[in-house]
Amino acid sequence: MKQRALNQCMKVSGDPYGYLKEWKGNNNKKIISCFAMNIPEEIIHAAGLLPVIAWRSNESVSIGHSHVASFNCGLTRSFIDDVLKEKLNFLDGVVINRMCLQAQGIPFILEQNTKWANIIYMSLPALYGSDCIRDFFKSELDRLIIAMEKCSGNKITTGKIVNSIEIYNHNRKLLSDIYEIRRKNIGIISAREMLSIVHSSMIMPKEENNKLLLEVIEELNLKVAEGNHKSGIPVVIYGSLCQTPHPELLDLIENTGMVVVDDDIFIGSRYFVNSLDISDDPIESMANRYLSHIPPCPTKGDYKSNWSTYISDIMNKNKAKAVITLMIRYCPPHMCAYPDDQINFEKKGIPEIMLEVEHEIISLEQVRTRLQSFVETIGGI
Amino acid sequence: MLYFAGIDIGSLCTKSLILNEDDAIIGTSIKRSGAAYRGAGEDALNAALKDANLKSEDLNYIISTGYGRSRIPIADEQITEITCHARGSSFIFPEARAVIDIGGQDSKVIEINSKGRVLKFVMNDKCAAGTGRFLEVMAGSLDIDLEQMSELAKQSKKEVQISSMCTVFAESEVISLFAGGTEKAEIASGIYRAIARRVTGLASHIVSGKKVTMTGGVAKSKGMVWALSKKLKTELLVADDPQIIGALGAALIAKTKFNNL
Amino acid sequence: MSEYKLNRLETTKLIGNIVDKHWASLRHAKENGEKVAWCSGPVFAFPYAMDMKCHFMAGYSAYAGGRGAAQQLLEIAEEDGELIDACSYHKLHMGMAAAMRKNIPVRKDVILPLPDLLISGRLCPEMSHYAEGLYRKMGVRVTGVDVPPPHQKSEIKYFEKYVERQIRESLIPALEEVCGKPFNYDRLTEILIVLKETAMLRNECWEYLKLKPSPWTLWDYGVSIAPVFYLMGSPEAVPYYKKLKAELADRAAKKIAALEPEKSRVYWDGWLPWAFLGKFSRIMCKLGMVPLVGRYPWEFFPHPETIDTEGDPVASFVKQVYSNGGQAKDNMPSLNLPVIQNWVEDYKIDGLIMFSSKSCRMWNLGHNDFIAAIERQNGIPGVVIEGDMVDTRMNSFAQIETRLEALAEMIEARKE
């Protein structure tokens, strides 16, 4: 089967450093890392810069240990470790949003240990609702515009932002099309492959990624015709905020008799749900997207929406039989939100299992036992 | 006569059990697992066969379980120890609706129905506190064996807290208590209570109001059963040999599987 | 027998009663027909102004921790499904709510009535989760106030306006609705007048910590914190601090030190370990070590001494949180480093203790970078110790003792 485009996604996702260094060598542009969720990338893009989402590398943390204690999340530890190992020297800056206390502490460590000129810290509101919150959100975007103009030397016009939104919306549309193909043809693509597709969009310039995704769609359509896809108990995975779950973990899920049919993870559908309106006021469009309750997010003070209800809606849409929670260890917002979700799943009779994702894999064997038992339980042995 | 075998390859011990078609247990064995799981499984099975006066050709279906379950080529199928402990427990104690299995490297709390099916389970596999290994390390730092520790704990008059959840930290805590003049008996009982606290945190919402059985090697320790019953405020049902329950469940499932073939 | 002698203050013995009275009045509020609020973040002056009885999230946690009730509440929370690595202040509250919901017997003095309004001050995006949890589990009404810490000086005014507007547009209307009466701005001013007077006395007391040897310690101030914070405006506040100041003046005149002899003076970073103040104190006393100043009690809190009591009370309340200190200097380490470096000089500090909480990541990122930067400029050593404010299971005192001994040895070595 032909899967050149899919292989390219896997390659980018497997070695983002290599890809970005090469890209920078060929294109004389600055690269800005976004840490991690909800950064309005379109503004960075409109400045003629390349926004890339910060990722958790595959390496064990070494020198990072002396700056970040082990009871912080994998992304924080790994990102700082990579900075100290000088693996991120190709970056020209970072935009960090105040989404949790760890994000709040990172700028200081960067200031103490790098020479980056652009360490931008945003305080996007953690609440929804009032005009005051909306106005503050918009003024935070204005601040980002000024910072990015300074970083790039380019003026960011409304027209440029609208253009960026169109490119980003196209990317969102293509990603959701791929999800739709999987929904209709369960097992056509593995969870690991899907992860790398979304991840590639977070690394590559959207223009190039859009071309690649079109090719991926063509390849998948050919595969649809071939038939014979992996089968199993259909499950939805959710959680894994800010960072990649281990691909090995996803393999394990799909090797123990389950097949992932949809997700609500950051490097998954959370990244592309909700396109932006195209209007003369792009900042307002961004506020509309960011300040909508979808997808529900535990990093925000949300007294209306309910994450578990949103997940059970996704399950119904996909006729999924069970849900797997991917809990990033030491992600306090998710840790605090989870107990209620768990209770709700139980009330609704939805089989659910929570797997903790740690940066360093401790024991896949134990996870295998859990997953296999879970399958035995829902399969009724 | 038909015969079925269960092999439970745990991190510390390998257990094997032979069942006949009338559900009579006719042979058992328990051996240290060691590093080579494969050999351990076969050794244990051979010992159980010998105990039952059978040969391996006599067996109609074999199920392996436990962490080494995938490394037994002679097994017809593998099932996780969670499902096996549930089935085995229900066989011995039909009234049980929850199982606490404390094994060598993890602990599990399982909710079961009247047929011994798993309804729900929770598992502690990320820290050693609440495991057999933790007990072994702690006994080691007191320089006594597990049986002595059980005996000692009963004599304790005062309650000392062992608060650390990490084995390494708890060990240094034990050593510093000991150095500070605290009696071994008090430390021993503190250790049992620490594990009981950890397991209760995991277990209480599953076990509350139910008949509970405790399985796994750690259930052999009277001190542990005592501390856990006290913390959970419920009498724990413990089989004569709680360590073999996983293998028993595997053999029972082997019989069902064989009959469904 | 230790070679060091700890001289306890007389005044601090009074605080227990004052604090107990506060929590008792909360417990009995409903019987007296009073409305109850629970609050995180620094905005409880507003429910007070409406004559509501108000709980303060971290204050309650410190109180429950100090009472020795934390472990039980944490375990109840975990049995109710909370995760072990989550914020222990969050879990204490979820444990209290679970105990109420399930009728689990716990000591009565740590159970509070459910509030009519939860004010979720999102100073920390995590500690406000308890409000969402209680909203979801028990349907309690919540109003949120986003209180972001500035990262640069240029943000201070802008954030100040944001918070002020939220108070006017969301918090005050919510309080008016719950209480069924207009907001009492005059009462707010009255509270602020008392608070300001208390804080000015407090600042005079702080000066005594600069004396060598010091007549009192950071621990003493830790237990005295309530009158300048969640007991703001209470009639006991000013008399307490007057008495404290007099006692310190007397000690200073008589050259009585808090710890005799005072061997080393240390800075304490991070939360105070509320449930273990005594345990830490014993370890430090054995080493002749006196904790004197810290980011949390100094700069995490607002600076009420700067309040303009003639001006608009809402604006001046917010100003003490931003323009005049508090948040602005504290939560973001970048703005904080120079402040600590000055303290090291002002308080004649010999070493740094960075208390890194395993369940709260508010201060711990960058602890080692702080030590490195301060060591470069001020030439003093520091250690990071890991633990928790209230959760016994996360503190390994055998390890902590070793690290503090190592700090004492490093301090000695520098003096030689």
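Residues numbered from 1 in each chain as written. Chains lettered and ligands numbered in written order. Predicted model: local features only at pLDDT ≥ 70, side-chain atom pairs only at ≥ 80, totals over all residues. Heavy atoms only, no water.

1. Digging into the overall build of chain C
Phase 1: The number of helices and strands found in chain C is 17 helices and ten strands.
Phase 2: Sorting the 416 residues of chain C into buried and exposed places 67% on the buried side.
Phase 3: Accessible surface for chain C amounts to roughly 13,800 Å². Of this, 52% is attributable to carbon and sulfur atoms.
Phase 4: Averaged over its 51 positive side-chain charges, chain C has a centre that lies 2 Å from the centre of its 54 negative ones. (Helix = DSSP H or I, 4+ residues; strand = E, 2+ residues; numbered from the N terminus. Buried < 20%, exposed > 50% of the residue type's maximum accessible area, 1.4 Å probe, protein only. Areas by Shrake-Rupley, 256 points an atom, 1.4 Å probe, with all protein chains shown as cover. Lys, Arg positive; Asp, Glu negative; His and termini not counted. Charge placed at Lys NZ, Arg CZ, Asp CG, Glu CD.)

2. Some words on the domain arrangement of chain C
Residues and elements named next belong to chain C.
Phase 1: Taken domain by domain, chain C holds domain 1 (14-184) and domain 2 (188-415).
Phase 2: Taking only C-alpha atoms, the centre of domain 1 and the centre of domain 2 are 23 Å apart.
Phase 3: Taking both sides of the interface into account, the surface hidden between domain 1 and domain 2 amounts to around 4,100 Å²; carbon and sulfur atoms contribute 69%.
Phase 4: The partner of Arg168 in a salt bridge is Asp312, and the shortest N-O contact between them spans 2.7 Å.
Phase 5: Looking at the side of domain 1 that touches domain 2, the elements with two or more residues in it are helix H1 (15-27), helix H2 (45-49), helix H3 (57-66), helix H4 (70-79), helix H5 (88-102) and helix H7 (156-179).
Phase 6: The leading source of residues in the side of domain 1 that touches domain 2 is H7, at nine residues.
Phase 7: Considering only residue class, the side of domain 1 that touches domain 2 consists of 33 nonpolar, ten polar and ten charged. (Domains from an automatic or database assignment. Buried area = accessible area lost by both parts, 1.4 Å probe. Salt bridge = Lys/Arg side-chain N within 4 Å of Asp/Glu carboxyl O. Nonpolar A, V, L, I, M, F, W, Y, C, P; charged D, E, K, R; others polar.)

3. A short note on the pattern of salt bridges
Phase 1: Tallied over the entire structure, the rule returns 74 salt bridges over all chains.
Phase 2: Here A:Glu360 ties to A:Arg77 by a salt bridge, and the two come within 3.4 Å at their closest N and O atoms. On the criterion of sequence distance, the pair formed by A:Glu360 in the loop between strand E8 (352-357) and helix H15 (364-379) and A:Arg77 in helix H4 (residues 74-84) is long-range, its members being 283 residues apart.
Phase 3: Accessibility expressed as a relative area gives 25% for A:Glu360, which makes it partly exposed.
Phase 4: The buried category is assigned to A:Arg77, whose relative accessible area is 6%.
Phase 5: Ionic pairing is found between B:Glu81 and B:Lys108, a salt bridge with its closest N-O pair at 3.7 Å. Here B:Glu81, found in helix H2 (residues 81-92), pairs with B:Lys108, found in strand E7 (residues 107-112); they are 27 residues apart in sequence, far enough to count as distant. Comparing B:Glu81 with B:Lys108, the two get one shared label, buried.
Phase 6: One salt-bridge network, in which partners are shared between bridges, spans B:Arg69, B:Glu81, B:Asp101, B:Asp106 and B:Lys108.

4. Digging into the packing of aromatic side chains
Phase 1: This structure, assessed with the given rule, holds 46 aromatic pairs over all chains.
Phase 2: Ring plane angle 20 degrees and centroid distance 5.1 Å describe the contact between C:Trp23 and C:Tyr63, whose orientation is recorded as stacked. In this pair, C:Trp23 is assigned in helix H1 and C:Tyr63 in helix H3, connecting sequence segments 40 residues apart. The same class applies to C:Trp23 as to C:Tyr63, namely buried.
Phase 3: Considering the side-chain rings of C:Trp268 and C:Phe280, the 5.4 Å spacing of their centres and the 80 degrees angle between planes classify their relative orientation as edge-to-face. With C:Trp268 in strand E7 (residues 264-269) and C:Phe280 in helix H11 (residues 277-286), this pair connects stretches of sequence that are twelve residues apart. The pair formed by C:Trp268 and C:Phe280 is uniform in burial state, with each residue classed as buried.
Phase 4: Over the ring of A:Tyr179 we find A:Arg182; its NZ or CZ atom is 4.8 Å from the centre of that ring.
Phase 5: Geometry around C:Trp206 places C:Arg202 over its ring, the cationic atom sitting 3.9 Å from the centre. (Phe/Tyr/Trp six-rings, centres within 6.5 Å; stacked < 30°, edge-to-face > 60°. Lys NZ or Arg CZ within 6 Å of the ring centre and 35° of its normal.)

5. Remarks on the environment of A:Ser190
Phase 1: Topologically, A:Ser190 is positioned in the loop between helix H7 (158-184) and helix H8 (191-203).
Phase 2: Through-space distance from the C-alpha of A:Ser190 to that of A:Val260 is 7.5 Å; in sequence the pair is 70 residues apart.

6. Examining H3(C)
Residue and element names in this part refer to chain C.
Phase 1: For H3, the buried fraction is high: nine of the ten residues fall into the buried class.
Phase 2: Of all the positions in H3, only Met57, Ala58, Gly59, Tyr60, Ser61, Ala62, Tyr63, Ala64 and Gly65 are classed as buried.
Phase 3: Those residues of H3 that are buried lie in contact with H1, strand E2 (36-40), strand E3 (53-56), H4, H5 and helix H6 (129-138).
Phase 4: Downstream of H3 by a residue or two, Gly68 has a phi angle that is positive, lying close to 75 degrees. (Contact = heavy atoms within 4.5 Å.)

7. A closer look at the packing of helix H15 (residues 333-346) of chain C against helix H16 (residues 367-378) of chain C
Residues and elements named next belong to chain C.
Phase 1: One way to put it is that H15 packs onto H16 with a least axis distance of 10 Å and a crossing angle of 45 degrees. Regarding the angle of H15 to H16, the classification is oblique. As for the relative orientation of H15 and H16, their crossing is right-handed in sense. When H15 is examined against H16, the residues Pro333, Asn336, Leu337, Ile340, Gln341, Val344 and Glu345 are found in contact with a partner set consisting of Phe370, Ala373, Ile374, Gln377 and Asn378.
Phase 2: Residue classes in the contact of H15 with H16 are distributed as seven nonpolar, four polar and one charged. (Axes fitted to C-alpha atoms, helices over the stretch in contact; angles between N-to-C directions. Parallel < 35°, antiparallel > 145°, perpendicular 65-115°, else oblique. Left-handed = near helix turned anticlockwise from the far one by under 90°.)

8. Structural notes on the pairing of strand E8 (residues 118-124) of chain B
All names here are of chain B.
Phase 1: Counting buried residues along E8, five of its seven residues qualify, which places the element largely inside the surrounding structure.
Phase 2: As judged from the six bridges shared by E7 and E8, these two strands associate in the antiparallel manner. The partner of Val109 across the bridge, within E8, is Val122.
Phase 3: Between E7 and E8, which pair antiparallel and follow one another directly, the connecting turn spans five residues, one of which, Gly116, has a positive phi of 80 degrees. (Pairing = 2+ DSSP bridges.)

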